[in-house]
Amino acid sequence: AQLSSPEVSSDPLRLQALMKRRGELLPIVTLLREYKDVRRQWDEVTEMLGLEDEDLRKLAAEEREVLSQALDRLEEQLFDYLNPDQTAADRAVVMEVRAGTGGEEAALFARDLVRMYLKFAEKKGWKTELVHSLLSDRGGFKEAILHISGKDAWKFLRYESGVHRVQRIPVTEASGRIHTSAATVAVLPELDQSAVEIKEEDLEIETFRSSGPGGQHMQKNETAVRVRHRPTGLIVECQDQRSQHQNRLKALRILATRLAEAKAREQEESLQRLRRSHIKSGDRSDKDRTYNFPQNRVTDHRYGVTVYDLKSVLEGDLDELLTAIRKEEISQMMGDWRKGKGITPSSVRQ
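Now for a quick tour of the structure.

What counts and how
- Residues numbered from 1 in each chain as written.
- Predicted model: local features only at pLDDT ≥ 70, side-chain atom pairs only at ≥ 80, totals over all residues.
- Heavy atoms only, no water.
- Helix = DSSP H or I, 4+ residues; strand = E, 2+ residues; numbered from the N terminus.
- Buried < 20%, exposed > 50% of the residue type's maximum accessible area, 1.4 Å probe, protein only.
- Contact = heavy atoms within 4.5 Å.
- Areas by Shrake-Rupley, 256 points an atom, 1.4 Å probe, with all protein chains shown as cover.
- Patch = residues over 30% accessible without salt bridge, like charges linked within 9 Å, V, L, I, M, F, W, Y side chains within 5 Å.
- Salt bridge = Lys/Arg side-chain N within 4 Å of Asp/Glu carboxyl O.
- Pairing = 2+ DSSP bridges.
- Axes fitted to C-alpha atoms, helices over the stretch in contact; angles between N-to-C directions.
- Lys, Arg positive; Asp, Glu negative; His and termini not counted.
- Charge placed at Lys NZ, Arg CZ, Asp CG, Glu CD.
- Polar contact = N/O pair within 3.5 Å; in protein donor to acceptor, adjacent residues only side chain to side chain.
- Phe/Tyr/Trp six-rings, centres within 6.5 Å; stacked < 30°, edge-to-face > 60°.
- Parallel < 35°, antiparallel > 145°, perpendicular 65-115°, else oblique.
- Left-handed = near helix turned anticlockwise from the far one by under 90°.
- Nonpolar A, V, L, I, M, F, W, Y, C, P; charged D, E, K, R; others polar.

If you tally the helices and strands in the chain, you get ten helices and eleven strands. Across the 350 residues of the chain, 42% fall into the buried class. When contacts within the chain are restricted to residue pairs at least 6 apart in sequence, those whose partners lie at least 24 apart make up 63%. Of the roughly 19,200 Å² of accessible surface on the chain, 48% is carried by carbon and sulfur atoms.

The next point concerns a nonpolar patch on the surface. A surface patch of nonpolar side chains, amounting to about 310 Å² of accessible area, comprises Met48, Leu51, Leu56 and Leu59. Within the fold, Leu59 resides in helix 3 (residues 54-82). Accessibility expressed as a relative area gives 52% for Leu59, which makes it exposed.

Looking now at the sheet that holds strand 7 (residues 224-229). Taken in spatial order, the three strands line up as 6-7-8 in an open sheet, and their pairing is antiparallel. Because the sheet does not close on itself, it has two edges, and the strands there are strand 6 (203-208) and strand 8 (234-238). Sheet twist, expressed as the mean angle between neighbouring strand axes with direction ignored, is 15 degrees. As paired elements, strand 7 and strand 8 share five bridges and run antiparallel to each other. Residue Val227 lies in a different strand from strand 8, and its bridge partner there is Val236.

Turning next to the pairing of strand 10 (residues 297-300). Neither face of strand 10 is exposed, since Arg297 and Thr299 on one face and Val298 and Asp300 on the opposite face are all buried. In terms of strand pairing, strand 9 (residues 289-292) meets strand 10 through four bridges, oriented antiparallel. From the neighbouring strand, Arg289 faces strand 10, where its bridge partner is Asp300. In textbook terms, the turn of a hairpin is the stretch between consecutive antiparallel strands, and for strand 9 and strand 10 this stretch comprises four residues, one of which, Asn296, has a positive phi near 55 degrees. Summarising the sheet, strand 10 and strand 11 (residues 305-307) pair through three bridges and their orientation is antiparallel. Looking at strand 11, one finds that Val298 is bridged to Val307. Counting the residues that bridge the hairpin from strand 10 to strand 11 gives four residues, and of these Gly304 lies at a positive phi of roughly 65 degrees.

A surface patch of like charges, here negative, comprises Glu52, Asp53, Glu54 and Asp55. Classification of Glu54 as exposed rests on a relative accessible area of 59%.

A separate point is the environment of Val298. Here Val298 is to be found in strand 10. Judged by its relative accessible area of 0%, Val298 is buried. Not counting the four nearest positions on each side in its chain, Val298 is found in contact with Arg289, Thr290, Tyr291, Val305, Thr306, Val307, Leu310, Val313 and Leu321.

With that settled, the discussion passes to the pattern of salt bridges. Here the idea is simple: oppositely charged side chains can pair when their charged atoms come close. Following the criterion strictly, the structure yields 23 salt bridges and no others. For Glu44, the salt bridge identified is with Arg40, shortest N-O distance 3.0 Å. Here Arg40 and Glu44 lie together in helix 2 (residues 12-48), a separation of four residues that amounts to about one turn. Among the residues examined, Glu44 registers a relative accessible area of 42% and is labelled partly exposed. One connected set of salt bridges, linked through shared partners, spans Glu96, Arg98, Glu143 and Arg258.

One open sheet accounts for eight strands, arranged 2-3-1-5-4-9-10-11; its pairing is mixed. Every other strand in the sheet has two partners, leaving strand 2 (127-135) and strand 11 as the edge strands with one partner each. Ignoring strand direction, the axes of neighbouring strands in this sheet form an average angle of 15 degrees.

Glancing now at the side chain of Arg168. Here Arg168 is to be found in strand 4 (residues 162-168). Engagement of the side chain of Arg168 in a polar contact is seen with the side chain of Glu105, the distance being 2.5 Å. Those residues in contact with Arg168, other than ones at most four positions away along the chain, are Glu105, Leu108, Phe109, Asp112, Arg177, Ile178, His179 and Phe293.

Positionally, Ser136 belongs in the loop between strand 2 and strand 3 (141-149). In this structure the C-alpha to C-alpha distance between Ser136 and Ala106, which are 30 residues apart in sequence, comes to 9.9 Å. Not counting chain neighbours up to four residues away, the residues in contact with Ser136 comprise Glu104, Ala107, Phe141 and Lys142. A distance of 2.5 Å separates a polar atom in the side chain of Ser136 from a polar atom in the side chain of Glu104.

Next up on the list: the packing of aromatic side chains. The geometry of two aromatic rings is summed up by the distance between their centres and the angle between their planes. Tallied over the full model, the rule gives three aromatic pairs. Judged by centre distance (5.4 Å) and plane angle (90 degrees), the rings of Phe120 and Trp126 are edge-to-face. Accessibility classification places Phe120 together with Trp126 in one group, the buried group. Each ring, one from Tyr159 and one from Tyr303, has its centre 6.2 Å from the other, and the planes form 80 degrees; the classification is edge-to-face.

Moving on to the packing of helix 2 against helix 3. Contact pair helix 2 / helix 3: the axes reach a minimum separation of 9 Å and the direction vectors enclose 155 degrees. Considered as vectors, helix 2 and helix 3 are oriented roughly antiparallel to each other. Where helix 2 crosses over helix 3, the handedness of that crossing is left-handed. Of the residues assigned to the contact of helix 2 with helix 3, the class counts are 17 nonpolar, four polar and seven charged.

Next comes the structure, spelled out in structure tokens:
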């Protein structure tokens, strides 16, 4: 209705915003209309089951089975669209990978995970930045922070939050025994800095020399930036740019994202089960996903999804795994809804 008004047509910025919003709503509205039509047909054939004519009852039963399958499909598609995380589907993400239990092997595994995500992002055509990293003695990552932007980045990468466990023979193991190590991954949708208030007096900002490859690229100036938020104790480091100013801006952007996410978590405690964004201790006993080299297996324990192609997964071929996880998540949500556990399309939308 607004798009058809003369006032909107003479306001390019408002017109553009409304066109974008209409594009977001159109698939949902189209699905809902189809759902209502199929549901009306289902109600009609259900009434026919009470007819005296046996042939008509048989035809009605067959037709209702077909319509029931159509309703299941449409309900799952609607749940997918109305998932609260869809609102952030096109946001950039901040991904934090840290070595857990396992010493040097855990750091090497963290490096493998970072490489996997960079490869996956490359295949998707997303833009990536290694904002901060802390190397181990053997070149692994004690911690690394990535900034990834592109269409559907959050939609797919949100499933990566959790404890990732690896079972393999480490390069540090002389006897050939299989070891278990772990790394934690946190994925946050990047939020607008205006979503939280960051006061200048609450910040401690330090500068230091970036750790680089050395030689002609060795940093002689203190371009790296470390920002500490006094009220929360959060610390963010950024050293990927040669400009201190650019590093400062990026560090503040990541700090704003962390603070906004923490605020959102407080307000949406009841939805955390759906968001699957918790991080555990990083101990071997904690596990959200396991990478088992001897069995060539990757298993996501939260959703009961297993893929027997570990090498491809570590090369960034995550589509098969994440598609299966996404399908299972929707199936679980639908199951809860049908069992009357309070999860409905309207509550998910809210």
